[in-house]
Amino acid sequence: MNDHDPSEIISKVKMSGCEDIKQKKQKTCLQVATNVTEQKHHVSRAKRGQILGHLRGFRGCTVWLTGLSGAGKTSIAFELEAYLVSRGIPAYGLDGDNIRTGLNKNLGFSKEDREENIRRVSEVAKLFADSGVVSLCSFVSPFAEDREIARRIHRDSNLPFFEVFIDTPLEVCESRDVKGLYQKARQGMIKGFTGIDQEYEKPEHPELVVKTVDCTVEESTLQVIEMLEENGIIPVVARRSDFVQELFVSENRLDSAREEAATLPALNINTVDLQWLQVLSEGWAMPLKGFMRESQYLQAQHFNCLLEDGTSINQSVPIVLAVTTNDKQRLESSSAISLYHNGICYAILRKPEFYHHRKEERCSRQFGTCNIGHPYVKMIHESGDWLIGGELEVLQRVKWNDGLDQYRLTPNELRSRFKEMNADAVFAFQLRNPIHNGHALLMTDTRQLLRDRGFKRPVLLLHPLGGWTKDDDVPLETRMLQHQAVLDEGLLDAESTILAIFPSPMMYAGPTEVQWHAKARMSAGANFYIVGRDPAGMPHPLGTQGTVDGNLYDGTHGGRVLKMAPGLTSLEIIPFKVAAYDQKNRKMAFFEPARKEDFDFISGTRMRALARSGENPPDGFMAQKAWKVLANYYQSLLKK
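All figures in this text were calculated on a predicted structure; none of them were measured in a lab. (Residues numbered from 1 in each chain as written. Predicted model: local features only at pLDDT ≥ 70, side-chain atom pairs only at ≥ 80, totals over all residues. Heavy atoms only, no water.)

**Student:** Describe the sheet that holds strand 19 (residues 579–582), with residues and values.
**Tutor:** Pairing within the open sheet is antiparallel, and its 3 strands lie in the order 20-19-21. Strand pairing shows two members of the sheet lacking a second neighbour, strand 20 (587–590) and strand 21 (599–600), which therefore form its edges. In this fold helix 17 (residues 437–452) packs onto strand 19 and strand 20, with an angle of close to 50° to the strand it touches most, strand 20. (Pairing = 2+ DSSP bridges. Helix = DSSP H or I, 4+ residues; strand = E, 2+ residues; numbered from the N terminus. Contact = heavy atoms within 4.5 Å. Axes fitted to C-alpha atoms, helices over the stretch in contact; angles between N-to-C directions.)

**Student:** Tell me about the environment of Thr 194, and please be specific about residues and values.
**Tutor:** By the element assignment, Thr 194 lies in the loop between helix 8 (181–186) and strand 5 (208–210). Between the C-alpha atoms of Thr 194 and Val 140, which are 54 residues apart in sequence, the distance is 8.1 Å. Polar side-chain contacts of Thr 194 include one of 2.8 Å to the side chain of Arg 114. (Polar contact = N/O pair within 3.5 Å; in protein donor to acceptor, adjacent residues only side chain to side chain.)

**Student:** Explain helix 21 (residues 604–613) to me, and be specific about the residues and the numbers.
**Tutor:** Listed in full, the buried residues belonging to helix 21 are Met 607, Leu 610 and Ala 611. The buried residues of helix 21 occupy one face: seen down the axis, they fall within an arc of 95°. Along its buried surface, helix 21 packs onto helix 22 (624–639). Taken from the residues just after helix 21, Gly 614 is the one with a positive phi, measuring 80°. (Buried < 20%, exposed > 50% of the residue type's maximum accessible area, 1.4 Å probe, protein only. Arc of directions from axis to C-beta.)

**Student:** Can you tell me about the confidence of the model for the chain, naming the residues and giving the values?
**Tutor:** When pLDDT is averaged along the chain, the result is 88, and 90% of the positions lie at 70 or above. Note that pLDDT drops below 50 for residues 1–28; the model gives that stretch 10 contacts with residues more than four away or on any other chain. Counted against residues more than four places away or in other chains, residues 31–38, with its pLDDT under 50, gives 1 contact. (pLDDT = per-residue confidence, 0-100.)

**Student:** Would you mind going over the environment of Asn 433 in detail, with residue names and values included?
**Tutor:** In this structure, Asn 433 sits in the loop between strand 14 (425–431) and helix 17. On the accessibility criterion, Asn 433 (37% relative accessible area) is partly exposed. Separated by 49 residues in sequence, Asn 433 and Gln 482 place their C-alpha atoms 9.8 Å apart. Discounting chain neighbours no more than four positions away, the residues touching Asn 433 are Arg 479 and His 483.

Have a look at this one:
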């Protein structure tokens, strides 16, 4: 008969259990190798923070998302990763399945292996965080003890650690079971599955609890973003509003503003100036609030960026208003000026700042040439000798009354349309030429690429440039008819495409202008941008006497520059794939060097010659209705 006091036995068991836990924790973090010495970095965290990402400051930390399988951990982690990276904050998602196919491929799902899995991941996450990266760990991590070890690994290195419990009920997780794991676990095919025959120990004091029922992934992710903002990991200014700041006078001030405008000195502006005013007023060039002042002009000319709250925002082209010396002398003492076009007052320009219009320097930096054989350079040289900058209060939306105004959607209107279409990705394609089947192939291929990456509702923004173009370009009305014909014939999916007009003038400034085209689409909510071959390019005014190939810009430089351009952090560049006419298969196809003899590169010159002569291009080059629109236009020129 055992004569020990039962209470004493219980006490010893409890003490033994606590001792086991203590020993286990010590063993998990035990240093086995004795012949190692910690090596101190020469580069401090503060120094890393100065150069890592586009927002200065050390932001290294670990966000540990824990919860049942199917709770939404990885969806939130990857959404958060995309959000942070798009704002210039380096982040990396460490996912349970991905880790187990590499670093931890030798581990199973026994309790011991699960513990080692989490320990290894914790150490990797710590290294990421120490480098200045926001490490996003999405692991079931069912045991509170293991999660505490992960926290301690970070705490011992003085690194922030945020435990986020993705609190989704078991029945909801089972209903989301795309992998079929819960079903297999209930059938006994998987043993030790968390939530079925393996307990999940809920966090007692997590930094954040996210309940995903009746919440979208975006809404759930926003809760984590707010937590990181509250803890100073990411600045509040990094959060991009769904609303683009426009420059229109509010309705309640409109009458008084118009009355004031009638009393102010007037400045008449030309059509291209009005197009730039439209660009500014609708928010395409945010954060600009008017025509550039000299400091903003210098930033655009020398840095291709505007510096806003310590952040670089791409603005590769100057948006300026040129005036004559007579107008400068007449207006320089005014505190505000009214801007008129064809007798209509469009805006008030406040606190005007006049500065020299150094045309040669401007052209050299923006275009790489001062030759007036370049059409936009010619316009600059013919404009006023002074530039005037100042904030705009715009009195009315610019309308052109050409039958196309319904296509001129502002960034805010486009964002609303994307939201209505439940778009989870928006890819933009800018063009100033007619669409052939090679363009359609590229856009269709991009849509499939995004679907393969997990996007369910990618939307195409088909966005032809609608401002000034040189005389020999196809006019906007014809291009819009041709683009609509492409949609009507089903070459592009009309249900997931928005055809709209981008109001900017065309400058033909090559890689410099390409950045502007991309930045403007970023303002409209696009997060992917297809860059074409020789974008914004044109022949050199001197032909082959000016450059070896007779082109002002290298045809590949636009795409290459975009991949490196600063201030375009929320936009991913989709590289251009060369398409040509596949004579063997009688269709446009991506070029294959191995059978280059099968491909015919149909030039623009040849296409125009066919259209003028009334001949048809090879079958499969362009949609039939779209070709008819183009042919009718070129044949109409012969009749004039």
